[in-house]
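Chain by chain, the residues run as shown.
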Amino acid sequence: MTRTRMLLMMGIVAMSGAMLPQSGEAIPAFARKYGYNCTMCHSSFPRLNDYGERYRQNAYQLPGRENEEKTVLEGPPPFAVRLSGGYTSYSAQNSPDIQEQEEFLMNGVDVLSSGLLAPNIGYFVTLLPQIDESRGVEAQDGTLESGNVMFSNLGSPWLNVRVGRMEPASSAFSVKRKLSITPYEVYSFGAPGVATLADTQDGIEATGHGRGLAYAVGYLNGSENNRADDAPQDVYARASVVLGAGEGQTAGQRLGVIGYLGQTRPGTDEADGTGDRQDLSRVGFDASLNAMHSNLALQYLVGEDDQLLWGTTEDVEFSGGFAELSVMPCTWIVGFGRFDWVDTPSDIDQDITRWTGGARYYFVDNLALHVEYSHRRQHQPDAPVATEDFAAARLDLAF
Amino acid sequence: MSRMGMCVWVMLALVLAGSAGRASGSGFLANGPLPPVPVPADNPQTDAKIRLGRALYFEPRLSADNTISCATCHNPKTGWANITPTDTGIGKQVGDRNSGTIVNSAYMQFQFWDGRAGSLEEQALGPIHNPIEMGETLDNVVRKLNAIPGYRDMFQDVFGTDATTDGIAKAIAAFERTIVSGPSPYSRYLAGDREAMSPAAVRGQALFNGKGHCSACHSGPLFSDQGFHNLGVGMQVASPNPGRQKVTNKPGDLGRYKTPTLLNVAVTAPFLHDGSEKTLLDVMMFYNRGGVPNPNLDPQMLPLALTKKEMQDLVAFMEALTGTYPVMEAPPLPPDSPASAETGKGGAL
């Protein structure tokens with residue numbers, strides 16, 4: 001048995017041990033620490049509610065209760081595991097990718113640890129163990145998805161600093177805590193090797209909040225195509241305002257703007273890019289609107305990548321975004337529908353549209369049945385439109 | 001399918017079977033059964049002291065015009081609390097606070113909504129010389145009691161002295177320590193009787209400890225963190241009552257009030273420190289709006305997006321926190337001494 005299989009096995013044994021005797025006990029790391037249900041912080045896990053968002057912004061301390069917190073050494077072990085798996089059906093037409101796939105799949109294992117190291121110093125780590133592909137198990141690159149330390153309330157709630165690997169300005173729409181399996185297309189779109197808002201990055205971020213206003217500014221390594229000896233050049237800034245009480249997650253109307261400036265090298269070499277560093281930029285507007293147990297998430301983003309990154313004769317300007325409506329009539333069900341689009345200039349002609357619909361049904365706070373269907377179309381220069389159909393029914397478990 | 005994949009699926013199926021049905025209120029052990037009542041070392045419980053305290057509790061002669069006793073505002077028949085939003089003391093003067101229940105006060109670290117008294121002993125004398133509650137002076141109360149032979153004997157018996165302010169406080173406190181709640185549907189549920197709470201109350205428990213964020217503050221066996229929070233109650237006016245700030249003088253304590261226990265809360269309407277909400281469902285609507293916006297609002301207060309049904313479930317859960325509590329009539333009170341005219345009439349309420 002390989003190490004990853006061992007790990008998987010152990011995870012599953014632990015899971016059944018924890019789950020079987022007492023149904024309905026919701027217990028991931030934070031919930032365990034406080035004795036709370038997951039719904040204290042999640043409207044529908046993994047999405048955070050307003051309380052959870054405040055908890056996160058406060059370096060994993062209950063809002064306003066910094067003096068009463070216990071550190072990781074004083075509480076139960078601060079570990080949690082997230083596991084998902086189920087039936088996946090995927091088919092692609094006119095695509096260089098894999099054509100058809102239909103099988104039961106284990107799709108992901110995350111090990112999380114988070115907590116408080118000392119008053120106002122929190123940390124968050126997500127580790128993805130490496131998993132080899134085998135029939136029934138999807139390959140997973142072993143990686144440290146996030147690992148950061150946050151120093152909060154440096155004089156006031158207007159200055160908090162997070163250092164390490166994190167999601168840049170994730171208070172817009174977190175790609176790690178979204179409802180759907182399918183990605184936010186516009187965040188991942190860009191020249192080959194370009195990373196902006198699609199994934200976690202390494203760097204330092206300062207944030208602050210109060211009276212409905214919030215900001216985040218960060219300084220990051222940027223894309224993988226930069227070389228090890230390239231000094232970090234990527235910066236971003238975000239500002240948002242919430243109208244009405246709340247954080248815009250399930251209460252209040254949140255409006256935000258974001259800007260990202262970075263540099264990377266062209267080329268898709270395994271390790272490094274080739275050639276000189278070139279500029280890229282993103283500017284976006286987002287809104288998270290709440291009414292009647294529903295949330296409307298809107299993102300509009302304009303991007304510009306230097307021509308040398310794409311190998312075109314002009315800089316590539318694209319725009320895109322998404323609109324997602326989710327409805328949560330009670331704590332145990334959420335339905336969502338999203339439209340993603342990306343408009344590209346004719347010389348690269350890679351326009352994307354994607355329709356996604358799905359629902360999550362929570363048997364208990366920390367076990368959801370996830371069903372999702374998504375249809376994607378992408379233009380290809382000098383080739384017929386590539387289409388993809390994705391459908392999945394999975395169990396998503398965190399404990 | 002590989003053997004590995006097979007195992008995974010069998011396990012997942014087992015998990016599913018094990019958790020059939022939705023979250024049946026997760027066990028937050030923090031809200032466990034009540035511990036024994038804490039008793040201060042310098043005021044041990046004795047039967048004679050409790051008997052004296054009970055008489056004093058029902059004693060209208062502790063008030064200036066001999067009409068108001070502790071039991072007038074903390075009436076055993078209405079859950080040891082009052083049913084009007086704020087209280088009417090001597091001469092029909094109306095206060096600005098809702099009288100909490102004294103059931104389980106023995107467990108609280110702080111007394112009064114703003115926590116201005118630390119112990120029951122410290123608290124007991126407050127109402128007597130509060131001008132709009134019982135409006136008496138402590139010296140005069142001591143004089144009145146010592147003029148009543150029955151009381152003088154009881155004080156001698158318990159403390160070996162005549163009536164003193166200290167003795168009055170200790171006796172009343174000792175009596176109050178016997179007014180604690182007994183088994184409730186919730187405590188029987190905790191002890192393993194899964195039928196003790198209705199399905200609505202069980203759903204309410206999960207909400208209480210999750211989407212409603214209630215257990216962030218209403219935690220522990222008493223359903224109180226023994227802390228002070230600003231929910232915005234009464235903060236909509238130009239110069240609101242300072243609440244806890246009046247005691248500590250800290251700006252951050254403006255509008256903060258003690259988290260009350262929720263044991264027996266269902267029998268102590270109206271609610272909140274100013275009695276501004278009539279029913280528990282009204283209180284839930286107040287929370288669902290996220291309280292009243294004000295600069296010092298507790299950051300844990302947020303609009304909750306609860307549905308009507310979820311609010312009803314929360315109320316059902318709070319109703320399941322109603323335990324038995326002692327119900328009693330006023331005991332026979334020692335008659336006035338025929339020699340003393342100033343003490344007025346004795347007797348029951």
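For every chain, the first residue of its written sequence is number 1, and the numbers climb from 1 along that sequence. Lettering for chains starts from A, numbering for ligands starts from 1, and both go in the order in which the items are written. Only residues with pLDDT of at least 70 get local features here, since the model is predicted, and only at 80 or more are side-chain atom pairs given and counted; chain-wide, interface and lining totals rely on the full set of residues. Hydrogens and water molecules were not included; the side-chain quantities draw on all heavy atoms of the structure.

Caption draft 1: View of the overall build of chain B. Strands here mean DSSP runs of E at least two residues long; helices mean DSSP runs of H or I at least four residues long; both are numbered from the N terminus. When helices and strands are counted, chain B shows twelve helices and two strands. Listing the helices and strands of chain B from first to last along the sequence gives α-α-α-α-α-α-α-α-α-β-α-β-α-α. Any residue under 20% of the maximum accessible area for its type is buried, any over 50% is exposed, and the rest in between are partly exposed; the area is computed with a 1.4 Å probe on protein chains only. The buried share among the 349 residues of chain B stands at 53%. By definition, residues are in contact when any of their heavy atoms lie within 4.5 Å. Taking the contacts inside chain B whose residues are at least 6 apart along the sequence as the reference set, 68% of them involve residues at least 24 apart. Residue burial considers only the protein chains on display, and all accessible areas are found by Shrake-Rupley using a 1.4 Å probe. By element, 60% of the accessible surface of chain B is carried by carbon and sulfur atoms, the whole surface being about 14,700 Å².

Caption draft 2: How the structure looks around the side chain of A:N160. Residue and element names in this part refer to chain A. The residue N160 is located in strand β7 (residues 160–166) in this model. Residue class for N160 comes out buried when judged on its relative accessible area of 0%. Throughout this description, a polar contact denotes any pair of N or O atoms lying within 3.5 Å of each other; where both atoms belong to protein, one of them has to be capable of donating a hydrogen while the other can accept it, and for residues adjacent in sequence the pair is counted only when both atoms sit in side chains. Side-chain polar atoms of N160 contact the backbone nitrogen of N153, separated by 2.7 Å. Only 3.0 Å separates the side chain of N160 from the backbone oxygen of P157, close enough to count as a polar contact. Setting aside residues up to four positions removed in sequence, N160 forms contacts with Q57, M150, F151, S152, N153, E205, A206, T207, G208 and H209.

Caption draft 3: Inspection of unusual backbone geometry at higher detail. A:F45 connects to A:P46 through a cis peptide bond whose omega is 10°. Turning to its location among the elements, A:P46 is positioned in the loop between β1 (42–44) and β2 (47–48). B:A269 connects to B:P270 through a cis peptide bond whose omega is -5°. Note on placement: B:P270 falls in the loop between β2 (257–258) and α11 (280–288).

Caption draft 4: Up close: the pattern of salt bridges. A carboxyl oxygen of Asp or Glu within 4 Å of a side-chain nitrogen of Lys or Arg is what we treat as a salt bridge. As enumerated under the stated definition, the model contains 31 salt bridges over all chains in all. A:R354 is the partner of A:E185 in a salt bridge, and the nearest nitrogen-oxygen pair spans 2.7 Å. Separated by 169 residues along the polypeptide, A:E185 in helix α4 (residues 185–188) and A:R354 in strand β16 (residues 352–364) bring together distant segments of the chain. The pair A:E185 / A:R354 is uniform in exposure class, with both members buried. Among the ionic pairs, B:E136 bridges to B:K144, the shortest N-O distance being 2.7 Å. Residue class for B:K144 comes out buried when judged on its relative accessible area of 4%. Residues participating in the shared-partner salt-bridge network are A:R47, A:E324, A:R338 and A:D340.

Caption draft 5: The arrangement of the environment of B:L125 in detail. Residues and elements named next belong to chain B. Looking at where L125 falls in the secondary structure, it is placed in helix α4 (residues 120–129). According to the relative accessible area criterion, L125 is buried, its value standing at 16%. For the pair formed by L125 and G182, sequence separation is 57 residues and the distance between their alpha carbons is 27 Å. Those residues in contact with L125 that sit more than four places away from it in its chain are L138, T165, I168 and A169.

Caption draft 6: Representation of a nonpolar patch on the surface within the structure. Residues enter patches when they are more than 30% accessible in relative terms and free of salt bridges; like-charged ones are connected within 9 Å and nonpolar ones (Val, Leu, Ile, Met, Phe, Trp, Tyr) within 5 Å. A grouping of A:F151, A:L154, A:L159, A:V163, A:I204, A:Y219, A:V235 and A:L261 is seen on the molecular surface, where their side chains present a nonpolar patch of about 640 Å² in accessible area. Turning to its location among the elements, A:L154 is positioned in the loop between β6 (143–151) and β7.

Caption draft 7: The arrangement of the domain arrangement of chain B in detail. Residue and element names in this part refer to chain B. The domains assigned to chain B are domain 1 (47–180 + 326–343) and domain 2 (183–319). All the domain ranges listed were derived from an automatic or database domain assignment. Between the C-alpha centres of domain 1 and domain 2 there is a distance of 28 Å. Contact with domain 1, which involves 24 residues of that partner, is made by 23 residues of domain 2. Summed over both partners, the interface of domain 1 with domain 2 comes to about 1,900 Å²; 58% of that surface belongs to carbon and sulfur atoms. Note: buried area is the sum, over both parts, of the accessible area (probe 1.4 Å) each one loses when the two are combined.

Caption draft 8: Quick look at the pairing of β6(A). All names here are of chain A. Any two strands with at least two DSSP-identified bridges between them are counted as paired. By the bridge criterion, eight bridges tie strand β5 (residues 121–128) to β6 in an arrangement that is antiparallel. From the neighbouring strand, I121 faces β6, where its bridge partner is F151. One ladder, built from five bridges, connects β6 with β7; its direction is antiparallel. Across the sheet, the residue bridging to G147 is R165, located in β7.

Caption draft 9: Broad picture of α11(B). Residues and elements named next belong to chain B. Buried residues of α11: L280, V283, M284, F286, Y287 and N288, and no others. If you follow the buried residues of α11, they end up packed against α12 (308–319). Looking at the residues trailing α11, positive phi occurs at G290, about 85°.

Caption draft 10: Layout of the confidence of the model for chain A. All names here are of chain A. Confidence in the prediction for chain A averages 87 pLDDT; 91% of positions are at 70 or higher. By mean pLDDT, the top-scoring element of chain A is strand β15 (residues 333–343) (97), and the lowest-scoring one is helix α1 (residues 3–19) (48). The predictor attaches a confidence to each residue, called pLDDT, with possible values from 0 through 100. Predicted confidence is poor over residues 12–27, with pLDDT under 50, and the contacts of this stretch with residues over four places away or in other chains come to 39 contacts.

Caption draft 11: Up close: the packing of aromatic side chains. The criterion for an aromatic pair is that two Phe, Tyr or Trp rings (for Trp, the six-membered ring) have centres within 6.5 Å, with stacked assigned to planes under 30 degrees apart, edge-to-face to planes over 60 apart and tilted to the rest. Going through the model one piece at a time under the given rule, you end up with 30 aromatic pairs over all chains. Geometrically, the ring pair formed by B:Y57 and B:F175 is tilted, given 5.3 Å between the ring centres and 50° between the ring planes. Here B:F175 lies in helix α7 (residues 165–176) and B:Y57 lies in helix α2 (residues 47–57), a separation of 118 residues in the sequence. Summarising the burial analysis for this pair, B:Y57 and B:F175 share the class buried. One Lys or Arg, A:R360, reaches over the ring of A:F45 and ends 5.2 Å from the middle of that ring. Just above the ring of B:Y189 sits the side chain of B:R194; from NZ or CZ to the centre is 4.5 Å. Whether a charge sits over a ring comes down to the Lys NZ or Arg CZ being within 6 Å of the ring centre and within 35 degrees of the ring normal.

Caption draft 12: Region of the structure containing the packing of α2(B) against α7(B). Residue and element names in this part refer to chain B. Here the axes come from fitting lines to C-alpha atoms, over the contacting stretch only for helices, and the angles between their N-to-C directions go from 0 to 180 degrees. Orientation of α2 relative to α7, taken along the N-to-C sense of each, is 100°, at an axis distance of 7 Å. As summarised for this structure, α2 and α7 are arranged roughly perpendicular, according to the angle between their axes. Residues K49, I50, L52, G53, R54, L56 and Y57 of α2 lie in contact with α7, whose contacting residues are I168, K170, A171, I172, A174 and F175. Charged means Asp, Glu, Lys or Arg here, nonpolar means Ala, Val, Leu, Ile, Met, Phe, Trp, Tyr, Cys or Pro, and polar covers whatever is left, Gly included. Along the lines of polarity and charge, the residues of the contact of α2 with α7 split into nine nonpolar, one polar and three charged. Roughly parallel here means an angle under 35 degrees, roughly antiparallel means over 145, roughly perpendicular means 65 to 115, and every remaining angle is called oblique.

Caption draft 13: Up close: the nonpolar core. Definition of nonpolar core: a set of buried residues of the types Ala, Val, Leu, Ile, Met, Phe, Trp, Tyr and Cys, connected through side-chain atoms within 4.5 Å. Formed by 37 residues in total, the largest nonpolar core has its most connected members in B:M197, B:F223, B:M284 and B:Y287. In terms of residues, this core owes the most to one element, α12(B), which gives six residues. Setting aside residues up to four positions removed in sequence, B:Y287 forms contacts with B:H218, B:L231, B:M301, B:L302 and B:L304. Grouped together as the second largest cluster of nonpolar side chains are 27 residues, A:Y187, A:L220, A:L301 and A:L309 included.

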